[in-house]
Amino acid sequence: MGMKWALITGAGGGIGRAVALRLSQDGFPVYVTDINEAHVRETARLVKQSGGDVRSSVLDVSDEDEQQNVIDQIDGLYAVVNSAGIYWTKPYDTIAADDFNRQFATNVTAMFTLSQKAARAMHDGGRIISLSSRAALGGRNNTHYSAAKAAILGMTKSMALELAHLQITVNAIAPGVILTDMLRKRGDDLDSLAAELPLKKLGEPDDIAHAVSYLADPRAGFVTGQVLLVDGGRSIGGSNPF
Ligand SMILES: NC(=O)c1ccc[n+]([C@@H]2O[C@H](COP(=O)([O-])OP(=O)(O)OC[C@H]3O[C@@H](n4cnc5c(N)ncnc54)[C@H](O)[C@@H]3O)[C@@H](O)[C@H]2O)c1
């Protein structure tokens, strides 16, 4: 058997980069990809600098030919982390079909088609881990994003059932508010966002990387079809005592 590679999409972004660095520290050779070439190169440089084994390539996850090209370059694919995602807020009444179509193309369909191709290339068990969101439970100005992130949950559970006989586990992580560019672009007051959470702090990309590390580990082989909320307690309650 060859090396156990981990393939990460959206690895130029906050969470994807932290995942790449963490899985590399865990001993995986990592294949990092992103639609943004400069950002993914920087991730590859950071992994290399920390002593990791890394390859990188530009990958627009919505392009199925590019997906296949990347997968064909990996000998010994073991884990896929679907972190590439797009986000914008819109008041409910201004959301159009196009918002839904764009959300689903990148945040759902691309995750599915890439995972499907990846699973075909996994010959000794494997791990598929997709970034959903706490927003899957509902959020203001988020109907299109929330719908897409909830779709990832159904996709994850169904794929987990159909890939189980191959010892490929399929799980999702649903982060709450994590300090990355995606969040900073929203322009909220970060202190008041943190104050609303039971744990009174925002998440860091490393909080998500740690959850990915657990699910990607070969020792996590009895966990499949699950959704892990990593959200500072947001999903169990807010600041209101009642
Ligand atoms: N930051 C948060 O608070 C938060 C919360 C819940 C869920 N998430 C999810 O976590 C994942 C990572 O988010 P992040 O915070 O690191 O965001 P980010 O914006 O920092 O990173 C996302 C990355 O995806 C890349 N990307 C966008 N479209 C792409 C495409 N078509 N093909 C390939 N790459 C593409 C971007 O270039 C960027 O590098 C996303 O799926 C996001 O929805 C984030």
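The coordinates are above.
So, here's what we can say about the structure. What you see is a predicted model; the values in this text were computed from it and never measured.

Conventions we followed
- Residues numbered from 1 in each chain as written.
- Predicted model: local features only at pLDDT ≥ 70, side-chain atom pairs only at ≥ 80, totals over all residues.
- Helix = DSSP H or I, 4+ residues; strand = E, 2+ residues; numbered from the N terminus.
- Rg over C-alpha atoms; globule rule 2.2 N^0.38 Å.
- Contact = placed C-beta atoms within 7 Å.
- Near = placed C-beta within 6 Å.
- Nonpolar A, V, L, I, M, F, W, Y, C, P; charged D, E, K, R; others polar.
- Core = buried A, V, L, I, M, F, W, Y, C linked by C-beta atoms within 7 Å.
- Buried ≥ 20, exposed ≤ 12 C-beta atoms within 10 Å, placed from the backbone.
- Axes fitted to C-alpha atoms, helices over the stretch in contact; angles between N-to-C directions.
- Parallel < 35°, antiparallel > 145°, perpendicular 65-115°, else oblique.
- Left-handed = near helix turned anticlockwise from the far one by under 90°.

### Comments concerning the overall build of the chain
Argument step 1. Along the chain, the regular secondary structure elements total eight helices and seven strands.
Argument step 2. Rg of the C-alpha trace for the chain: 17 Å, near the compact-globule value of 18 Å for 242 residues, within the 12% margin.
Argument step 3. C-alpha atoms of the chain, sized along the principal axes, occupy 55 × 35 × 35 Å.
Argument step 4. Considering only contacts in the chain between residues 6 or more positions apart, those separated by 24 or more positions represent 73%.

### Section: the site of the ligand
Argument step 1. With respect to spatial proximity, 30 residues lie near the ligand, and among them Gly10, Gly13, Ala84, Gly85 and Thr180 are the closest.
Argument step 2. Secondary-structure elements contributing two or more residues to the shell around the ligand are helix H1 (14-25) and helix H6 (181-184).
Argument step 3. Of the residues in the shell around the ligand, the class split is 13 nonpolar, 14 polar and three charged.

### Quick word on the nonpolar core
Argument step 1. Judged by nonpolar contacts, the single largest core of 58 residues is most densely connected at Ala6, Ile8, Val19, Ala20, Val30, Val32 and Val212.
Argument step 2. Sequence-distant contacts of Val212, that is, excluding residues within four places in its chain, are made with Val19, Arg22, Val81, Ile129 and Ile173.

### As for the packing of helix H4 (residues 97-120) against helix H5 (residues 143-163)
Argument step 1. Where H4 contacts H5, the two axes come as close as 9 Å, and the packing angle between them is 20°. Classified by the angle between their axes, H4 and H5 sit roughly parallel to one another. Two packed elements cross with a definite hand, and for H4 against H5 that hand is right-handed. Residue-level contacts link Asp99, Phe100, Gln103, Phe104, Asn107, Val108, Met111, Phe112, Ser115 and Ala119 of H4 to His144, Tyr145, Ala147, Ala148, Lys149, Ala151, Ile152, Met155, Met159 and Leu163 of H5.
Argument step 2. Here the contact of H4 with H5 is built from residues that sort into 14 nonpolar, four polar and two charged.

### Observations concerning the packing of H1 against helix H8 (residues 205-216)
Argument step 1. Closest axis-to-axis distance for the H1/H8 pair is 8 Å, and the angle between their directions is 50°. Taken together, the axes of H1 and H8 are oblique relative to one another. In the crossing of H1 with H8, the sense of the turn from one axis to the other is right-handed. Taken together, the residues of H8 that come into contact with H1 (itself represented by Gly14, Ile15, Arg17, Ala18, Val19, Arg22 and Leu23) are Pro205, Asp206, Ile208, Ala209, His210, Val212, Ser213 and Ala216.
Argument step 2. Looking at the contact of H1 with H8 residue by residue, the classes come out as nine nonpolar, three polar and three charged.

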